[in-house]
Amino acid sequence: MTAFDKNANQPNLAYTQIGKPLTRTDSPGKVAGKTPYAGDYVLPGMLHAKVVRADIASARLVKLDVSRARALPGVVCVLTAEDMPERTIATDIPGQTGRARLKTDQQILVKERVRYYGEPLALIAAETADIAEQARRLVSVTLEPIPGVYDPDEAMKPGAPLVQGTDNIVATHKIRKGDVDAGFAEADVIVENTFRTPFQEHAFLEPEVGLSWIDENDVITIRVCTQVIEHFRAVADAIGVPHNKVRVMGAMVGGGFGGKEDVTVETYLAILAQKTLRPVRLEFSREDSFVGHGKRHPFRLKYRTGVTKAGKITALDVQIVADAGAYVYLSPYVLLYGAVNAPGPYRIDNLNVFAQAVATNNMFTSAFRGFGGIQAAAAYEQQMDEVAKAIGMDRIEFRRQNYLQTGDPISTGFVPPSAIWTEKCADLAWQALGEPTASKGPIKIGRGVAAYQQSYGRLTFLHDTSECWVGIEMDGSVTVRSGVTDIGAGQTSSLAQIAAEILGVTLPDVTVYNSDSQVTPLAGTTTASRALYMTGNAARLAAEGVRERLVGVAAELLEVDPAQIRLEFNRAFVADNADRGMSIADLVKICGTRGVHRSELAIFRAPFTDVLDPETGQGQAHPDYTYGAMAMEVAVDTETGEVRILKCIAAHDVGQCINRAAVDGQIHGGIQNGLGYALTEEMIYKEGKLVTPSFSEYLMLTAMDMPPIETIILESHSGIGPFGAKGIGEPGMTPAAPAVANAIADAIGTRVFEMPITPERIVRALNAANA
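Residues numbered from 1 in each chain as written. Predicted model: local features only at pLDDT ≥ 70, side-chain atom pairs only at ≥ 80, totals over all residues. Heavy atoms only, no water.

1. Brief notes about helix 3 (residues 129–138)
We apply this condition: Burial classes follow relative accessibility: with a 1.4 Å probe on protein chains only, a residue under 20% of its type's maximum area counts as buried, one over 50% as exposed, and anything between as partly exposed. The secondary structure listing takes helices from DSSP runs of H or I that are at least 4 residues long and strands from runs of E that are at least 2 residues long, numbered from the N terminus. When checking whether two residues touch, look at their non-hydrogen atoms; a contact exists if any pair is within 4.5 Å.
Listed in full, the buried residues belonging to helix 3 are Ile131, Ala132, Glu133, Ala135 and Leu138. Along its buried surface, helix 3 packs onto strand 1 (47–53), strand 2 (59–65), helix 2 (67–71), strand 3 (75–80), strand 7 (120–126) and strand 8 (140–145).

2. Considering the sheet that holds strand 12 (residues 220–224)
Stated precisely, the cut-off is as follows: Any two strands with at least two DSSP bridges between them are considered paired. Fitted lines through C-alpha atoms serve as axes, helices being fitted only where they are in contact, and the angles separating the N-to-C directions of these axes extend from 0 to 180 degrees.
Ordered in space as 3-7-1-14-11-12-13, the seven strands form an open sheet in which the pairing is mixed. What marks the edges here is a single partner per strand, and that holds for strand 3 and strand 13 (246–250). Ignoring which end each strand starts from, the neighbouring axes of this sheet average 20 degrees apart. With five bridges joining them, strand 3 and strand 7 adopt antiparallel strand pairing. Across the sheet, the residue bridging to Val75 is Ala126, located in strand 7. Against the sheet, helix 3 contacts strand 1, strand 3 and strand 7, and its axis sits at roughly 25 degrees relative to strand 1. Relative to strand 13, helix 6 (residues 231–239) is tilted by about 145 degrees, and along the sheet it contacts strand 12 and strand 13.

3. Description of unusual backbone geometry
With an omega of 0 degrees, the peptide bond between Met755 and Pro756 qualifies as cis. By the element assignment, Pro756 lies in the loop between helix 17 (736–748) and helix 18 (759–770). Its identity as a non-glycine residue notwithstanding, Phe257 has a phi of 55 degrees, on the positive side. Considering the arrangement of structural elements, one finds Phe257 in the loop between strand 13 and helix 7 (266–276). If you check the backbone angles, Asn570 has positive phi at about 70 degrees while not being a glycine.

4. Quick notes on the packing of aromatic side chains
Our working rule: Ring pairs shown here join Phe, Tyr and Trp side chains whose ring centres sit within 6.5 Å, with only the six-membered ring taken for Trp; geometry is labelled stacked below 30 degrees between planes, edge-to-face above 60, and tilted in between. Distance and angle both matter: a charge sits over a ring if NZ of Lys or CZ of Arg is within 6 Å of the ring centre and within 35 degrees of the ring normal.
Applying the stated rule across the entire model yields 13 aromatic pairs. Arranged with centres 5.5 Å apart and planes meeting at 45 degrees, the rings of Phe195 and Phe753 form a pair that is tilted. Of the two residues, Phe195 is situated in strand 10 (residues 189–197) and Phe753 in the loop between helix 17 and helix 18; the sequence distance between them amounts to 558 residues. Phe195 gets classed as buried once you look at its relative accessible area, which sits at 1%. Taking the centre distance of 5.6 Å and the plane angle of 70 degrees together, the rings of Phe290 and Phe695 count as edge-to-face. Of the two residues, Phe290 is situated in helix 8 (residues 286–292) and Phe695 in the loop between strand 29 (689–690) and strand 30 (709–714); the sequence distance between them amounts to 405 residues. On the basis of relative accessibility, which here comes to 1%, the residue Phe290 falls in the buried class. Among the aromatic residues, ring-to-ring pairing joins Tyr116, Tyr327, Tyr329 and Phe364 into one connected group. The ring of Phe284 carries Arg53 above its face, with NZ or CZ at 5.0 Å from the centroid. Of note, Lys260 hangs over the ring of Phe204, and the distance from its end group to the ring centre comes to 4.2 Å.

5. Digging into the pattern of salt bridges
To keep it simple, the criterion reads: Whenever a carboxyl oxygen of Asp or Glu lies within 4 Å of a side-chain nitrogen of Lys or Arg, that contact is scored as a salt bridge.
Tallied over the entire structure, the rule returns 41 salt bridges. One salt bridge in this structure joins Arg530 and Asp464, with 2.7 Å as the shortest N-O distance. With a gap of 66 residues between them, Arg530 in the loop between strand 21 (510–514) and helix 14 (531–558) and Asp464 in the loop between strand 18 (443–456) and strand 19 (465–472) connect regions that are remote in the sequence. Looking at Asp464, the relative accessible area reads 7%, which means it is buried. Through salt bridges with shared partners, a single network forms among Glu381, Asp385, Glu386, Arg395, Arg399, Asp746 and Arg751.

6. A closer look at the pairing of strand 16 (residues 313–325)
Taking burial as the measure, the 13 residues of strand 16 include 12 buried ones, the bulk of the element. As defined by bridge partners, strand 15 (residues 299–307) adjoins strand 16 across nine bridges and the pair is classed as antiparallel. Looking across to strand 16, one finds that Arg300 is bridged to Val321. Connecting the antiparallel pair strand 15 and strand 16 is a turn made up of five residues, with Gly311 showing a positive phi of about 100 degrees. The pairing of strand 16 with strand 17 (residues 351–359) spans nine bridges and is classified as parallel. From the neighbouring strand, Leu316 faces strand 17, where its bridge partner is Leu351.

7. Focus: the sheet that holds strand 19
Picture the strands of a sheet paired through backbone hydrogen bonds; they go either parallel or antiparallel. Judged by pairing direction, the sheet is mixed, and its four strands sit side by side in the order 21-20-19-25 without closing on themselves. Of all strands in the sheet, those with a lone pairing partner are strand 21 and strand 25 (599–605), marking the two edges. Neighbouring strand axes in the sheet, compared pairwise and without regard to direction, differ in orientation by 20 degrees on average. Across four bridges, strand 19 lies against strand 20 (residues 478–482) in antiparallel orientation. Looking at strand 20, one finds that Gly471 is bridged to Thr479. Sheet strands in contact with helix 14 are strand 19, strand 20 and strand 25, and its direction is about 140 degrees off that of strand 25.

Right, here's the structure in full:
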């Protein structure tokens, strides 16, 4: 077992602010209903916008007649592709500055070819939302259906209808290590299974919404719910203006989960403001939202594992096919995450992974919490149970024999710089389940465990950076300026807590200004579990720069070495004599009279690497990885297929908590997201048309469906985030689906290989097993 700190699951008491469950800076406003979201902003004289969409997934646009809509009183503007010749919008991974963009731009409005159900055809701006909706219904659309393709395997066949490129294959990745043939020859048993994961809707509380206007400097300003204010560049390119003539102001986001990582309403708002010279508001209905942003990629994952009877994995072959939908978007990157993480947190010396993303006429797929790693985890953890079963070994012991340990290389040959505590997390989660509940009649009890590996930080070949400004005012209060978007997980509050710790003040003494592309230092995207790692480290560097100067002056005044100065609870004092000191406010005033610089702009750089070797996949893909595990106990009614989760234990090594309560909340939210993915959430498409277009058909777990959850938060202090933190935004979700899948299989004695594991699929699996 990896060595670990015996107190690692206790809060770190060495800090005054860090690691404590302090009230987040954004909490009071949310609780009191004072926090404005993007949909709360209005301007006098603003117009209301609507989007006209295609109702066929694969078609040729024969005619688009908007004359009746334009003639409707109160309609100010109706735009089609004819009004925007040759304009496209970037869909490659957003916010990057370190490399050339992939040539995957998408048409803003359909000019000739409809590729997916709901693709935008026209934009309308009117004096009221009702008039805009009425005008939308007056648009006459003639579409000629053309053959489409809705299954990635069919899309790869010769002669299949083309959606993208010359063969519909939009990305291919390979990971090769060791000698796979020799590894399989060494195996006593070879186990082969195919797993399927579904589309998933982000289902954030706040649908896409924004407000645009042209300010006094002729800058198109967009107040919007987004995870990426750096979209100002893509929007400016799309509408043909310089980058400094578009300003994106992010509001507090009512949920993102990756669904607001791509451009959503921003381009439409900018175009309409540019055309009408008036403020424009666009809010997607829930039905619009279901067809207005990319979904989670469905994966088909074929696992072939060679193993000795003693439990050593000798070889692994993984074949992955992902449904990219109609446009490329982030498919190449999601696929790469899936390929890199395909072996999971296990030591595989002989490995072959071959992964392809394929275009179809289904809804385009893009970023979603877990970003390929979660699909891989859903497969590799179920496969681990199946292999253990095949050789007659206890599933926990089988995992123990094959876990990666600290210092081991992962699939790409890269050695993570932090601790790998998978084994400890899995053991603690499993032990915490306690004594098993007894089965009774048709109600069968089962238990499952799932470990995981999930990256935090963006792909290192993107050359990611983040900037932050920290300043201390004459009264000792602190200001932080960062472009980070806050998507509800406490991103801005974390920056405040970091600055408070370093500068010796308390959390209420810090104010954070964030998410303004032309005012706040650009921090990069709030995606990829990178916000704490990247923006937190930038805030740390900036605060440390200010602290160094404060401490230098304090040391001179108190006639001690700077190393002896402590800054805590608004005082600067000598470490071994707290009475020798002064208030932070007095210290800052003295600094002011001496002309000492009391602010700092810092930039933090992630590791900069080249891309992985295209043939072997060897190299560094990510800065680091988070490890943990989840254990569950379920009750399955074998007559109806109903599943109830009785116990849920989540154990994660987070490196170092910044705010313990926020970490706990992230884990709870991730479990809800993951259980829905595993059990109930199903987007059903028929010839590309979504037939589950609302929450009436797309079923999500509510608070009433959630089980009791126990979180075990470990702190190895080894992460590369501030104070040794690791990312937990995505990892909190990753093991939930395979843990419950393994528990269900344990309960019913057979496995459902396709998610979501609905009652119908459980009953069918039982009937097949009995037959």
